[in-house]
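Overview (structure and organization)
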Amino acid sequence: MVRLLLIAHAPLATAFRAVAAHAFPDTPVEAIDVAPGDDPRDIEAQARRHLGGANPVATLVLTDVFGATPANVAQRLADAGRVRVLAGLNVPMLWRALNYATLPLDEAAARAVAGGAQGVMSVALPRPQNQTISPAHDADQQHHHQQRADHAGQFTA
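A short tour of the structure in this document, coming up. (Residues numbered from 1 in each chain as written. Predicted model: local features only at pLDDT ≥ 70, side-chain atom pairs only at ≥ 80, totals over all residues. Heavy atoms only, no water.)

**Examining the pattern of salt bridges**
All told, the structure shown has five salt bridges when counted by the stated rule. Residue Asp39 pairs with Arg41 through a salt bridge whose shortest N-O separation is 2.8 Å. With a relative accessible area of 25%, Asp39 lands in the partly exposed category. Overall, Arg41 belongs to the exposed group, its relative accessible area being 62%. Where Glu44 meets Arg48, a salt bridge forms, and the shortest distance between an N and an O atom there is 3.0 Å. (Salt bridge = Lys/Arg side-chain N within 4 Å of Asp/Glu carboxyl O. Buried < 20%, exposed > 50% of the residue type's maximum accessible area, 1.4 Å probe, protein only.)

Put into structure tokens, the structure is as follows:
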């Protein structure tokens, strides 16, 4: 069984843990919130305790933003075969990781990445600005014609 450890900017890790518990109430997820001013060495020590010390169990570490402090700390935890680190945490990634936590670590990580990527999509396009939508069966069939002013200032269709 793959364990999950979330390391993210405060309060995201805790919030994502709550989202995980909402959908998977029986699956434990550890969370470490990184606040502004936290010493990265302290965060790393805390994370290593969550991992189980010198011999961590298979753990998937999910972090929010690649290159930021939480991800930099998480990256130092990576250990081939025992700890995999993924950045870009979103809910589809988290739920996919939880769905496939019984798979070997590398497979669970691949499924989580796929879930995260597939969960990002454009859902709807906004209407163009200053445009109105006419009813489909408008009684005034002339609504689509442009009007123009004649020489006397009268508008015609």
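Still to come is the rest of the account.
**Regarding the pairing of strand S1 (residues 3-9)**
Counted residue by residue, S1 has five buried out of seven residues, so it is predominantly covered. For S1 and strand S3 (residues 59-63), the ladder comprises five bridges, and the chain directions are parallel. Bridge pairing in S3 links Arg3 to Thr59. (Helix = DSSP H or I, 4+ residues; strand = E, 2+ residues; numbered from the N terminus. Pairing = 2+ DSSP bridges.)

**What to know about the nonpolar core**
One finds Leu4, Leu6, Leu60, Leu62 and Leu94 to be the most contacted residues of the largest nonpolar core, which totals 22 residues. Breaking this core down by element, the ones donating at least two residues are S1, helix H1 (12-23), strand S2 (29-34), S3, helix H4 (91-99) and helix H5 (105-118). Sequence-distant contacts of Leu94, that is, excluding residues within four places in its chain, are made with Leu4, Leu6, Phe16, Ala20, Leu62 and Leu89. Counting residues in hydrophobic clusters, the runner-up holds 12 residues, among them Val34, Ile43, Leu51 and Val73. (Core = buried A, V, L, I, M, F, W, Y, C linked by side-chain atoms within 4.5 Å. Contact = heavy atoms within 4.5 Å.)

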